[in-house]
Amino acid sequence: MASEVSKLNPYRSATYVISAHTLKQLPPDTGFEVAFAGRSNAGKSSAINTLTDQKSLARTSKTPGRTQQIVIFDIDEQRRIADLPGYGYAKVPEQLRAHWRQVMQQYFDQRKSLRGVVLVMDIRHPLRPFDEQMLEWCSLSGVRSHVLLTKADKLKRGPAQATLLQVRKRLPSGATAQVFSSKSRDGLAELIARLDQWYEPAPTD
């Protein structure tokens, strides 16, 4: 199964483009963009590396809040991944946190190429206040959201599925969720299928 996923994975071509501190530094607002967001240490960078089959495309760190820019990766000329700043970190100055709250709200409100947000959560600690705020931003902005419950290998299958069901019950209308493990690659095919769907040009495009 793993080898089949690798052959069908179009995201292995991802390349680093830029780390932006403001929306003005982002690439032109054309094509199709999918953002990855999540609380610090939820496994966001590892999920991106697993998706792209690259060990160090997205930086992983044991220091919360390491990613403090919007990091852009190109898939091809039309498709991009946006790695959003990790949120919920305590050691970052309040001024910087306030800056990123404003930037994120503008990003969701103004970024026309944004096709969806993959919201990464540790399956052992889902739906924290910042997670719920991100889901609310997506809902209010009309942006699709998909919850990736990472580190599923830390739980047995029964408890993992029970958590997934509980999370799905609490999601806004239209939001989806799945379990995922960067270690075992469980859920990778489902994530690829979701992104393939989002990256498809809309009938009105």
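Look up a bit, the structure's there.
Per chain, residue numbering runs from 1 following the sequence as it is written. Restriction of local features to residues with pLDDT of at least 70 applies here, the model being predicted, together with a cutoff of 80 or more for giving and counting side-chain atom pairs; totals for whole chains, interfaces and linings are based on all residues. Hydrogen atoms and water are omitted, and side-chain values are computed over all heavy atoms in the structure.

### Here's the deal with the pattern of salt bridges
Note on definitions: salt bridges are taken to be side-chain nitrogens of Lys or Arg within 4 Å of carboxyl oxygens of Asp or Glu. One pass over the full model with this rule turns up 10 salt bridges. Its salt-bridge partner being Arg-111, residue Asp-29 comes within 3.7 Å of it at the nearest N-O pair. Of this pair, Asp-29 sits in the loop between β1 (15-20) and β2 (32-38) while Arg-111 sits in the loop between α3 (94-110) and β5 (114-122), and the two are 82 residues apart along the sequence. Categorising residues by exposure relies on relative accessible area from a 1.4 Å probe, with only protein chains included: less than 20% of the type maximum marks a residue as buried, more than 50% marks it as exposed, and the intermediate range marks it as partly exposed. For Arg-111, a relative accessible area of 10% translates into the label buried. Elements are defined by DSSP. Helices are runs of H or I of four residues or more, strands are runs of E of two residues or more, and each kind is numbered from the N terminus.

### Here we look at the environment of Lys-151
With respect to the secondary-structure elements, Lys-151 resides in the loop between β6 (145-150) and α5 (157-170). Remark: the alpha-carbon pair of Lys-151 and Ser-182, spanning 31 residues in sequence, is separated by 6.9 Å. Leaving out residues up to four positions away in the same chain, Lys-151 has contacts with Asn-41, Ala-42, Gly-43, Asp-122, Ile-123, Arg-124, Phe-180 and Ser-181. Under the rule applied, a polar contact is a pair of N or O atoms within 3.5 Å (in protein, one hydrogen donor and one hydrogen acceptor; residues adjacent in sequence only if both atoms are side-chain atoms). A distance of 2.9 Å separates the side chain of Lys-151 from the backbone oxygen of Asn-41, its partner in a polar contact. Whether two residues are in contact is decided by their heavy atoms: any pair within 4.5 Å suffices.

### Things to note about the side chain of Glu-33
Inspection of the secondary structure assignment puts Glu-33 in strand β2. A polar atom in the side chain of Glu-33 sits 2.7 Å from the side chain of Arg-80. Look past the residues within four positions of Glu-33 in its chain and what remains in contact with it is Ile-72, Arg-80, Ala-82, Tyr-107, Arg-111, Ser-113, Leu-114, Arg-115, Gly-116 and Tyr-199.

### As for the packing of α3 against helix α4 (residues 129-141)
Only the stretch in contact is used when fitting a helix axis, every axis being a line fitted to C-alpha atoms; angles between N-to-C directions are given from 0 to 180 degrees. At a closest axis distance of 9 Å, the pairing of α3 and α4 adopts a crossing angle of 35 degrees. Judged by the sense of rotation from one axis to the other, the crossing of α3 with α4 is right-handed. Of the residues in α4, those touching α3 at Arg-101, Met-104, Gln-105, Phe-108 and Asp-109 are Met-134, Trp-137, Cys-138 and Ser-141. For this classification, the nonpolar set comprises Ala, Val, Leu, Ile, Met, Phe, Trp, Tyr, Cys and Pro, the charged set comprises Asp, Glu, Lys and Arg, and every other residue, Gly included, is treated as polar. Here the contact of α3 with α4 is composed, by residue class, of five nonpolar, two polar and two charged. Handedness of a helix crossing follows the sense of rotation of the near helix relative to the far helix, less than a right angle counterclockwise being left-handed and clockwise being right-handed.

### Details of the sheet that holds strand β4 (residues 79-83)
Note: two strands are recorded as paired if DSSP finds a minimum of 2 bridges between them. Taking strand neighbours across the sheet as the criterion, the seven strands line up as β1-β3-β4-β2-β5-β6-β7 in an open arrangement whose pairing is mixed. The strands lining the two open edges of the sheet, one partner per strand, are β1 and β7 (176-179). Geometrically, the sheet is characterised by an average inter-axis angle of 20 degrees between neighbouring strands, direction not taken into account. Strand direction decides the pairing type here: β2 and β4, joined by five bridges, are parallel. Following the sheet pairing, Ala-35 is matched in β4 by Ala-82.

### Digging into the environment of Ser-184
Locating Ser-184 in the fold gives a position in the loop between β7 and α6 (188-199). Linking Ser-184 and Asp-153, residues 31 residues apart in sequence, is a C-alpha distance of 7.0 Å.

### Things to note about helix α2 (residues 44-52)
Among the nine residues of α2, eight are classified as buried, and the element is accordingly described as predominantly covered. Every buried residue of α2 is listed here: Lys-44, Ser-45, Ala-47, Ile-48, Asn-49, Thr-50, Leu-51 and Thr-52. On its buried face, α2 sits against β2, β3 (70-74), β4, β5, β6 and α6. Once α2 ends, the next one or two residues include Asp-53, with phi positive near 55 degrees.

### Some thoughts on unusual backbone geometry
The phi torsion at Asn-41 lies on the positive side, around 70 degrees, for a residue other than glycine. Its location among the elements puts Asn-41 in the loop between β2 and α2. Backbone geometry at Arg-185 places phi at a positive 70 degrees, although glycine is not the residue there. Within the element layout of this structure, Arg-185 appears in the loop between β7 and α6. A relative accessible area of 27% means that Arg-185 is categorised as partly exposed.

### Structural notes on the packing of aromatic side chains
Paired rings are identified among Phe, Tyr and Trp, the last through its six-membered ring, by centres lying within 6.5 Å, and are further divided according to the angle between planes into stacked (under 30 degrees), edge-to-face (over 60) and tilted (the rest). Under the criterion given, the structure shown has four aromatic pairs. Judged by centre distance (5.8 Å) and plane angle (80 degrees), the ring pair of Tyr-107 and Phe-108 falls under edge-to-face. With relative accessibility at 3%, the residue Phe-108 sits in the buried group. When the centroid spacing of 5.8 Å and the interplanar angle of 45 degrees are considered together, the rings of Phe-108 and Trp-137 count as tilted. Taken as a pair, Phe-108 in helix α3 and Trp-137 in helix α4 lie far apart in primary sequence, 29 residues in all. Here the two residues Phe-108 and Trp-137 agree in accessibility, since each one is buried. Among the aromatic residues, those joined into a ring-pair cluster are Tyr-107, Phe-108 and Trp-137.

Function-wise, these values are silent; they only describe arrangement.
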